[in-house]
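Fold and geometry: a report
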Amino acid sequence: MDTPTSAGDSGDSSTARIVARSSMIDSIRACGLSSLSGVRIDKEELRRKLLIPQYVRLAMQDSIKKKDVDGGDHHFSLRGSDDIPCPENPMVVFINSRSGGRNGPILKERLQQLISEEQVFDVQDVKPHEFVRYGLACLEKWANNGDLCAKETRQNIRVVVAGGDGTVGWVLGCLGELHQKGWEPVPPVAIIPLGTGNDLSRSFGWGGSFPFAWKSAIKRTLLRATTSPICRLDSWHLVLQMPGGKVVDPPHSLKATEECALDQTLEIEGDVPDKLNCYEGVFYNYFSIGMDAQIAYGFHHLRNEKPYLAQGPITNKMIYSGYGCTQGWFLTPCINDPSLRGLKNILRIHIKRVNCSEWEQIPVPKSVRSIVALNLHNYGSGRNPWGNLKPAYLEKRGFVEAHADDGLLEIFGLKQGWHASFVMVELISAKHIAQAASIRMEIRGGEWKDVFMQMDGEPWKQPMSKEYSTFLEIKRVPFQSLIVSGE
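Residues numbered from 1 in each chain as written. Predicted model: local features only at pLDDT ≥ 70, side-chain atom pairs only at ≥ 80, totals over all residues. Heavy atoms only, no water.

Side note on the overall build of the protein chain
Counting secondary structure elements, the protein chain contains 15 helices and 19 strands. By residue count, 57% of the 487 residues in the protein chain fall in the buried class. (Helix = DSSP H or I, 4+ residues; strand = E, 2+ residues; numbered from the N terminus. Buried < 20%, exposed > 50% of the residue type's maximum accessible area, 1.4 Å probe, protein only.)

Here's the deal with the side chain of Ser485
Along the chain, Ser485 turns up in the segment after β19 (481-484). Discounting residues that sit within four places of it in the chain, Ser485 has contacts with Phe204, Trp206, Ser228, Pro229 and Cys231. (Contact = heavy atoms within 4.5 Å.)

Some thoughts on the sheet that holds strand β11 (residues 360-362)
One open sheet accounts for 7 strands, arranged β7-β8-β6-β18-β15-β10-β11; its pairing is antiparallel. The open sheet has two edge strands with one neighbour each: β7 (254-257) and β11. Across the sheet, the mean angle separating the axes of adjacent strands is 25° when strand polarity is ignored. As judged from the 3 bridges shared by strand β10 (residues 347-352) and β11, these two strands associate in the antiparallel manner. (Pairing = 2+ DSSP bridges. Axes fitted to C-alpha atoms, helices over the stretch in contact; angles between N-to-C directions.)

Focus on the packing of helix α6 (residues 128-144) against helix α7 (residues 148-156)
Between two packed helices, what matters for the description is the angle formed by their axes and the separation of those axes. One can describe the packing of α6 onto α7 by two numbers: an axis separation of 8 Å at closest approach and a directional angle of 130°. Classified by the interaxial angle, the pair formed by α6 and α7 is oblique. The interaxial crossing formed by α6 with α7 has left-handed handedness. Residues Leu136, Leu139, Glu140, Trp142 and Ala143 of α6 pack against Ala150, Lys151, Thr153 and Arg154 of α7. Its residues placed into classes, the contact of α6 with α7 shows 5 nonpolar, 1 polar and 3 charged. (Parallel < 35°, antiparallel > 145°, perpendicular 65-115°, else oblique. Left-handed = near helix turned anticlockwise from the far one by under 90°. Nonpolar A, V, L, I, M, F, W, Y, C, P; charged D, E, K, R; others polar.)

Considering the packing of aromatic side chains
Under the definition given, this model contains 7 aromatic pairs. Arranged with centres 4.2 Å apart and planes meeting at 5°, the rings of Phe76 and Trp142 form a pair that is stacked. With a gap of 66 residues between them, Phe76 in helix α4 (residues 73-77) and Trp142 in helix α6 connect regions that are remote in the sequence. An angle of 80° between the planes, with centres 5.4 Å apart, marks the rings of Phe94 and Phe131 as edge-to-face. Linking Phe94 in strand β1 (residues 91-95) with Phe131 in helix α6, this pair joins segments that are 37 residues apart in sequence. A residue is classified by how much of its surface remains accessible, and Phe94, at 1% relative accessible area, is buried. With relative accessibility at 1%, the residue Phe131 sits in the buried group. (Phe/Tyr/Trp six-rings, centres within 6.5 Å; stacked < 30°, edge-to-face > 60°.)

In structure tokens form, the structure reads like this:
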């Protein structure tokens, strides 16, 4: 009989191929023990490579502050000499000072010393979309007006994100606006992991935790971010249509919208309420529904209410695990509470398979308490719940080998807490359900008043109705995001 996984199976290496990595390797890489670890990096030389000319960065800063593309024009008229040297590798950095172990403030200060204050943004003060709509737009304008430094900076600029998966996804989503405007090239993104899970960072070789030897490691990270090759990453558009009401505590990546663009080729059965609320967002790593999202939701609220508990990734993971035990996931076979029963009671799933235009309903296993649609091989702090599947098993199930840019999501289920625990330590694989190019979920309340969902580690509580269904649809975004490889 075919077995789904094999530790000995391996494929050809590639910068675009995503490989699950062990925590030890992640820690070593995060500490800066990479191919650059023996290279002395001169601080002034690094600054020269990264520093945007003063008049350009001040113009971008004023445009962002005033929320006006023309807000920094006077700096260009005062620039003086026309032979100002252009930067080799212009860079801006976004930091989420609330991510993970709260290392943002000290890292922000260090980066401002290495580059400049105007090129380092805290997302609490400058939102990524403000940088794109005003800062980059200012650069785009003056590049088109013939300013050589603005043109070179716009052409070569790269972005570093210091934060967790949610922050990285936020920045990638805002940069995606450039595709819609036709502003090329779109800056690629490198990552400094400050979150708890850091699965996007792990997937592209940037490590799984904030480095202990961070002062020297940050210089190496910046140097790698300037020269490393670029990988492609699928992104996924999520549309949520619900009966009149509000999403409780929506993540920043989930925005209200007036229209719900559900696929019309799949008809909605039953009545539709007169009033609908619609939301949309984008994710890069995973979407999940069920107990894992409920635990994440509780952890996020606890961390925000008692920030002194969030002293680092290890502490966060201990609190996360303890909170999971208190939610009853490990006792679901013994509990009659309908909120802890399988998702089969409330959920119907349709998918489109690869190169297929027809929707197909797939069964929801009655045993699963959580369903995940995964884009990368890293989930839950570097685990690979989909597993490294043997070719014979892939053929038998009609699956293909999973990659981050293959236009497919891997859908799997987690049962009670004990099953999830064995999956997370990679003793077994998760419950394989399907691979899909598009997904439609229909959720109906019954005894359930709400259900928990999350995108890339950003959870929310979704209210449900007994009379009407809530619909959630996931489709691939037509363009791919660009990530700098940390290898």
